[in-house]
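# Close look at the chain arrangement
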Amino acid sequence: MHPEALISTLYVFLLAAFLGYQVITRVPSLLHTPLMSATNAISGISLVGSLVTAGAHHSIVSAILGFVAVTCSTINVVGGFVITDRMLKMFKRKATAPSPEQKK
Amino acid sequence: MHPEALISTLYVFLLAAFLGYQVITRVPSLLHTPLMSATNAISGISLVGSLVTAGAHHSIVSAILGFVAVTCSTINVVGGFVITDRMLKMFKRKATAPSPEQKK
Amino acid sequence: MRTGFIELSYFLASVLFILGLRGLTHPETARRGMHLAEFGMLMAILGTLMNSEIVSYEWIIAGLLIGSTIGLAMGLWVPMTAMPQRTALSHAFGALAASLVGVSEYYLRGANLGELKIGALGFEVLLGSLTTTGSLVAFSKLQGLLPGAPLTYKGQNVFNLSLLAVTVACFIALLAFPGAGVLFYLMLTLAFVFGVLLVLPIGAADMPVVIALLNSYAGLASAATGFVIANNVLIIAGMLDGGSGFILSIVMCKAMNRPITNVLFGAFGSVSEAAATATGSIMREANLDDVAVQLAYARQAVFVPGYGMATAQAQHALRELADALEARGVTVKYAIHPVAGRMPGHMNVLLAEANVPYSQLYELDHINPEFPSTDVAIVVGANDVVNPDARDNPKSIIAGMPILEVDRAKSVVVLKRGQGKGFSGLVNPLFFKSNCGMLYGDAKESLTQLVQAVHSA
Amino acid sequence: MRTGFIELSYFLASVLFILGLRGLTHPETARRGMHLAEFGMLMAILGTLMNSEIVSYEWIIAGLLIGSTIGLAMGLWVPMTAMPQRTALSHAFGALAASLVGVSEYYLRGANLGELKIGALGFEVLLGSLTTTGSLVAFSKLQGLLPGAPLTYKGQNVFNLSLLAVTVACFIALLAFPGAGVLFYLMLTLAFVFGVLLVLPIGAADMPVVIALLNSYAGLASAATGFVIANNVLIIAGMLDGGSGFILSIVMCKAMNRPITNVLFGAFGSVSEAAATATGSIMREANLDDVAVQLAYARQAVFVPGYGMATAQAQHALRELADALEARGVTVKYAIHPVAGRMPGHMNVLLAEANVPYSQLYELDHINPEFPSTDVAIVVGANDVVNPDARDNPKSIIAGMPILEVDRAKSVVVLKRGQGKGFSGLVNPLFFKSNCGMLYGDAKESLTQLVQAVHSA
Ligand SMILES: NC(=O)c1ccc[n+]([C@@H]2O[C@H](COP(=O)([O-])OP(=O)(O)OC[C@H]3O[C@@H](n4cnc5c(N)ncnc54)[C@H](OP(=O)(O)O)[C@@H]3O)[C@@H](O)[C@H]2O)c1
Ligand SMILES: NC(=O)c1ccc[n+]([C@@H]2O[C@H](COP(=O)([O-])OP(=O)(O)OC[C@H]3O[C@@H](n4cnc5c(N)ncnc54)[C@H](OP(=O)(O)O)[C@@H]3O)[C@@H](O)[C@H]2O)c1
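Residues numbered from 1 in each chain as written. Chains lettered and ligands numbered in written order. Predicted model: local features only at pLDDT ≥ 70, side-chain atom pairs only at ≥ 80, totals over all residues. Heavy atoms only, no water.

Residues and elements named next belong to chain C. Surrounding ligand 1, one finds 31 residues, the nearest of these being Arg-342, Asn-383, Asp-384, Arg-417 and Phe-423. Note that an oxygen atom of ligand 1 is positioned 3.5 Å from one of the backbone N or O atoms of Gly-308. At 2.7 Å, a side-chain N or O of Asp-384 approaches an oxygen atom of ligand 1. Isolated, ligand 1 exposes 910 Å² of accessible area, and the fraction of that covered by the protein chains is 96%. The set of elements that each furnish at least two residues to the shell around ligand 1 consists of α9 (232-256), α13 (307-312) and β5 (411-416). The leading source of residues in the shell around ligand 1 is α13, at four residues. Within the shell around ligand 1, the residues separate by chemical class into 15 nonpolar, 10 polar and six charged. (Near = heavy atom within 4 Å. Polar contact = N/O pair within 3.5 Å; in protein donor to acceptor, adjacent residues only side chain to side chain. Areas by Shrake-Rupley, 256 points an atom, 1.4 Å probe, with all protein chains shown as cover. Helix = DSSP H or I, 4+ residues; strand = E, 2+ residues; numbered from the N terminus. Nonpolar A, V, L, I, M, F, W, Y, C, P; charged D, E, K, R; others polar.)

Structure below.
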């Protein structure tokens, strides 16, 4: 890697760490379970690595490793997003029967 | 610039923008005036550009431009930090004479 | 041109992931946020598929198809109560993927990677592998495939530390001799073994913290992959993931008032007998019809759900009871402790499943001042989170943990099956207080009966 | 090695800047945060001085010395009431520095920069230049060197827009012919002129929003410089600076309930006569001794400071009054409107200067519910922020702006010099209410007299 690119990558790392911290601490405990499955789904982005490994045909070994990796990541992506949506769909602010107190 | 480095720089830009937004929106209005002078001081970091311009002796024109830029940035850095500290020193949680209510 | 498009898709994906997680700061915007993140993922995948290094698509399509099928099945059918296990399993998948990409990269390029990349790659493989096996053990414990109790033996910590030292030594040696495949595969194997040994001595009840920690490892492994293949979106997503795991583990430890080292090395839950203190007085059994009448004529009732509600799947019955009471004009509130249940946000998601609006859920700080003016507090399978010892007895092992102060309510009814202890294995003095009655039985059954009794009250 | 150290210093500076601003989220941690940021700045400067491109230090040392002297003098002696001007001036300095670095870069390397860098450089010079002159005009208006009233003429907006179009055209042409110096210097000149024309038609009272906007431009210019010289810390600091300006301008516009376009092109404050509505009834003058007695025997008094307190420098006198009242057992609270005064946080910093603890300062949402149970509300040089028309009269030009509802207090006393209008030029129906009395005179004098009267009450 070009040294300039490496340095910038370190900055990306640093800023992403700070940003992750800032964003996640704002998630209310109400949504902590969906948060877990959402980050899970997003971490399936490692697909961008495994897809290339699976398709590059450098050797059969790497193709198989890549295939397993693609499968695993896809499970996370699809499963994670589906489950997150399933959960979030359930959160409602108002009941069908109105509840007397609405503060929080 | 190397294209890889350029791309990473764009990411730095993106993340810094998000991070700036997240961090600044958490500053309470109580501290908005110090915030203004603090960011002002920090923006004096453009010194890192002007110092090189002033010292590189490529030509007398650029040296003078650099000199003016160094002066301006230094005013901001020193003035900004001094004023911010002057203000922040004044913010006190408790009065010398205790105040009856402390909630907020 | 083509790389331009690929890079653009990654950049867009990064933006959308960040926006997506920001959406989670509020339940109103959460779903839209997730749709953005989904779209970002699609972009990134499509972009990657345009990569000119990819020459054949069979393996890719097979992987995507199988993965989607399994993922969809898991996503649709895993019950809400099994979330902790599912999360553990998915960390295993994620970490395995990171680890395998690393292995294949090493297999292909090995010695030609340069010191820095070898470093990142070793880090990725190390973290990925130990997270894989660690998460699998956590999954097995939670699913009941392995005994939940801590598995300890003499000298365990010393042994584990030595193993870790050897693994790290391999890693360092690899930095010096990047070409030495033996070192790499030895490190890989040791990391797999270490993951198992790391999690075995931790009790099932402490798994949530472990899972969150493993989550942050998995995130770091992803970020390291990003370094290796010079891909920024991976770094960003990895750090977001890692940050979430890290913060959730901190939240849990804080809410339990235990340092993280105690969770990891304390083998908590293996000493349940010793903690039982003599309390002298007796527990009063409550009569179901009495409780129903009490509830029916209360002004305000507060429900305190805990782990027992989750195991009994009693959330729907609880909601029905709330409906019945509200129909009679009783104000009903739910008090949610941050570590009630076995997972952050556990109670919230179960109650949401049962259609309880989140405006009725109250956090610790908001509900505690209300207990003195509450007529009846119903504790549904919660124990530790309402243990007044945490507040009153500085010698208790949970001393300092913030609790829901139900003992200050005018009267308390506890729904549990018998003399079972909570997660901490402590005796709960609440149960012996004069304003507290015990309603024995499975939470779901008790609640269903209560609903009928309220209707006829 | 040397570049390694330089890069490390920049990296550290970035971390410290972020941590420093994060410190500002709480007054307890704010000072420590700033010390971190100061240390980061020192690191970055020392790192830069090691740059091997630097061959002579005379100009550098001269600049640093002169800058530090002026900066220190300004920092120590600028009074708190002159903060808005100072801020405007410092944006001019910052933007000028960015612009000059850009000019010198173009002067030295010109055509050899490549399209992307020329783009960033043009952006930097454009924004830097217009911010420089714009901020100078803003400074002059606030300092009274230029008339504060909006300077408008027919066709102004059209003329300004055309000028902007020509400037942007130069910029685009420059992208195509990076070597054409004429284009560059023409663009530079036009940007300087445009900055002046942009700010001239805006009234002095609207300057705070303009200053915040110029702040965000200055930040963007810095970030663009970062692109040009490939320096990440500049990008980060620039975006933090820009973000702050952007957010503050939004906060102000929201609190005034005016869209930003209205601020920029509305020439607000030039139409004060038209807005005066007939109110019919009369204003009641209050007697100083009556007010003192009322205060002395109140249970709770709320002080509402506004721009008049700032101009009268009455914060110390106000604090003395609070002390006198508290000594008699009266509960004193300060109600702070987000846009009271002429700068975000203006009142907070003035009251802090007068030693008022910030736990006594209450924001809109916290104090409004308390007015009905407040015996006396003292309005010290505030006007618009307590104008009930904003709430009651949907046709008012400030309709929808959130206000401090002093009119709901049991009684209100307004300290002002005479019939002067507030920033918006509106008549304030509050002054005509039956529970409201006017105490005419300079705020500082009135307050000092009140203190004495309370002592002898
Ligand atoms: N939420 C998290 O993130 C998290 C993470 C790590 C650790 N923890 C720990 O988990 C604990 C959670 O506390 P908690 O109060 O929710 O639960 P708890 O202390 O584990 O108590 C659960 C109670 O539910 C009863 N129960 C079990 N099954 C039941 C059923 N089917 N019907 C009725 N009652 C049933 C049990 O008594 P019987 O057996 O007599 O029925 C027991 O008293 C805390 O100590 C916390 O530190 C939580
Ligand atoms: N804070 C910000 O960030 C910001 C930014 C942009 C715009 N603004 C605008 O500024 C306004 C602020 O409202 P405000 O209520 O604080 O002030 P205001 O509406 O401008 O009213 C100031 C009042 O103070 C009186 N006054 C002036 N000098 C005085 C003295 N020496 N002693 C006593 N009284 C004196 C004036 O009446 P007399 O002349 O009769 O004495 C006037 O009624 C809002 O309209 C807001 O939108 C604020």
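Moving on, we get to the sheet that holds strand β4 (residues 376-380) of chain C. Residues and elements named next belong to chain C. Pairing is parallel in the open sheet, where six strands are placed in the order β3-β2-β1-β4-β5-β6. Strand pairing shows two members of the sheet lacking a second neighbour, β3 (361-363) and β6 (436-440), which therefore form its edges. Ignoring strand direction, the axes of neighbouring strands in this sheet form an average angle of 25°. Note: strand β2 (residues 331-336) against β3, three bridges, orientation parallel. When the sheet's bridge partners are listed, Ala-335 is paired in β3 with Tyr-362. (Pairing = 2+ DSSP bridges. Axes fitted to C-alpha atoms, helices over the stretch in contact; angles between N-to-C directions.)

With 88 residues of chain B in contact, the opposing surface of chain D contributes 105 residues. Counting each side, the surface lost to burial between chain B and chain D is near 8,700 Å², with a carbon and sulfur contribution of 76%. There are one salt bridge connecting chain B and chain D. Salt-bridge contacts for Asp-85 of chain B lead to Arg-31 of chain D; the nearest nitrogen and oxygen are separated by 3.2 Å. (Contact = heavy atoms within 4.5 Å. Buried area = accessible area lost by both parts, 1.4 Å probe. Salt bridge = Lys/Arg side-chain N within 4 Å of Asp/Glu carboxyl O.)

Here we come to the packing of helix α1 (residues 3-25) of chain A against helix α1 (residues 3-25) of chain B. Two elements in contact, α1 of chain A and α1 of chain B, have axes separated by 9 Å at closest approach and are oriented at 20°. Classed by the angle they form, the pair α1 of chain A and α1 of chain B counts as roughly parallel. In terms of crossing hand, the pair formed by α1 of chain A and α1 of chain B is left-handed. Together, Glu-4, Ala-5, Ser-8, Thr-9, Tyr-11, Val-12, Leu-15, Ala-16, Phe-18, Leu-19, Gln-22 and Val-23 of chain A of α1 of chain A and Glu-4, Ala-5, Ser-8, Thr-9, Tyr-11, Val-12, Leu-15, Ala-16, Phe-18, Leu-19, Gln-22 and Val-23 of chain B of α1 of chain B make up the contact between the two elements. (Parallel < 35°, antiparallel > 145°, perpendicular 65-115°, else oblique. Left-handed = near helix turned anticlockwise from the far one by under 90°.)

All names here are of chain D. Taken together, 31 residues lie near ligand 2, and Arg-342, Asn-383, Asp-384, Arg-417 and Asp-442 sit nearest. Contacts to ligand 2 include Ala-340, whose backbone N or O atom sits 3.1 Å from a nitrogen atom. Here an oxygen atom of ligand 2 sits 3.1 Å away from a polar atom, N or O, in the main chain of Gly-418. Here ligand 2 loses 97% of its free accessible area of 920 Å² to cover by the protein chains. Elements with a contribution of two residues or more to the shell around ligand 2: α9 (232-256), α13 (307-312) and β5 (411-416). Sorting elements by how many residues they give to the shell around ligand 2 places α13 first, with four residues. When its residues are assigned to classes, the shell around ligand 2 shows 15 nonpolar, 10 polar and six charged. Both domains that furnish three or more residues to the shell around ligand 2 are identified here as domain 1 (78-265) and domain 2 (283-421 + 428-456). (Domains from an automatic or database assignment.)

With that out of the way, let us pick up the pairing of strand β1 (residues 300-305) of chain C. All names here are of chain C. Of all the six residues making up β1, six are buried; the element is thus mostly covered by neighbouring parts of the structure. Burial of the side chains of β1 extends over both faces: Gln-300, Val-302 and Val-304 are buried on one face and Ala-301, Phe-303 and Pro-305 on the other. Here β1 runs beside β2; their pairing, made up of four bridges, is parallel. Bridge pairing in β2 places Gln-300 opposite Thr-331. (Buried < 20%, exposed > 50% of the residue type's maximum accessible area, 1.4 Å probe, protein only.)

Residues and elements named next belong to chain C. Along its sequence, chain C is carved into domain 1 (78-265) and domain 2 (283-421 + 428-456). Across the boundary between the two partners, domain 1 contributes 12 residues, which contact 16 residues of domain 2. Summed over both sides, the interface of domain 1 with domain 2 buries roughly 1,200 Å², with 74% coming from carbon and sulfur. Summed over the three residues of domain 1 that lose the most area to domain 2, namely Met-80, Thr-81 and Ala-255, the buried surface amounts to 42% of that side. At the boundary of domain 1 and domain 2, one finds zero salt bridges. Viewed at the interface, domain 2 and domain 1 are joined by zero residue pairs in polar contact (both at pLDDT 80 or more). Going through the elements one at a time, α4 (83-109) and α9 are the ones with two or more residues in the side of domain 1 that touches domain 2. Element by element, the count of residues in the side of domain 1 that touches domain 2 is highest for α9, at five residues.

All names here are of chain D. Read across the open sheet, the six strands follow the order β3-β2-β1-β4-β5-β6; overall the sheet is parallel. Each edge of the open sheet is held by one strand with a lone partner, namely β3 (361-363) and β6 (436-440). The average undirected angle you get between the axes of adjacent strands in this sheet is 25°. Where strand β4 (residues 376-380) lies against β5, five bridges are found, and the strand directions are parallel.

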